[in-house]
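# A look at the structure
Listed here are the chains, written in short residue letters.
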Amino acid sequence: MALGFYIYPLPKGTEYTEGELKKCDKVIELFGYCGVAEGLITKEGWNFLINSYSYEELYHMDKEAMWFDGDSVEEYID
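Here we summarise the structure given alongside this text. (Residues numbered from 1 in each chain as written. Predicted model: local features only at pLDDT ≥ 70, side-chain atom pairs only at ≥ 80, totals over all residues. Heavy atoms only, no water.)

Mapped onto the elements, Tyr33 comes out in helix 2 (residues 24-35). The partly exposed category is assigned to Tyr33, whose relative accessible area is 22%. Along the sequence, Tyr33 and Ile7 sit 26 residues apart, while their C-alpha atoms lie 8.8 Å from each other. Setting aside residues no more than four positions away along its own chain, Tyr33 makes contact with Tyr6, Tyr16, Glu38 and Gly39. (Helix = DSSP H or I, 4+ residues; strand = E, 2+ residues; numbered from the N terminus. Buried < 20%, exposed > 50% of the residue type's maximum accessible area, 1.4 Å probe, protein only. Contact = heavy atoms within 4.5 Å.)

Right under this line is the structure:
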């Protein structure tokens, strides 16, 4: 089941499954695509990420991907 998507290659795009999102580099990759409006994470995808990683880990992955511009984990959670 797809938990996230990247819109390319057209027409079907690329799906991110649980297996892929167990790898930090794939999470960072997907966050990067989301940051330029070319990716999305489903509600189930967010539930998986939150249950698999701590908010602090997700925050640091997000900082690397440069998606959200928060100054703290608390801001990121909001």
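That covers the picture; the talk isn't over yet.
Applying the stated criterion to the full structure yields 2 salt bridges. The closest approach of N and O atoms between Lys22 and Glu18, which form a salt bridge, is 3.9 Å. On the basis of relative accessibility, which here comes to 55%, the residue Lys22 falls in the exposed class. With a closest N to O distance of 3.6 Å, Glu29 and Lys26 form a salt bridge. With a gap of 3 residues between them, Glu29 and Lys26 both fall in helix 2, about one helical turn apart. (Salt bridge = Lys/Arg side-chain N within 4 Å of Asp/Glu carboxyl O.)

These results come straight from atomic positions and should not be treated as a statement about function.
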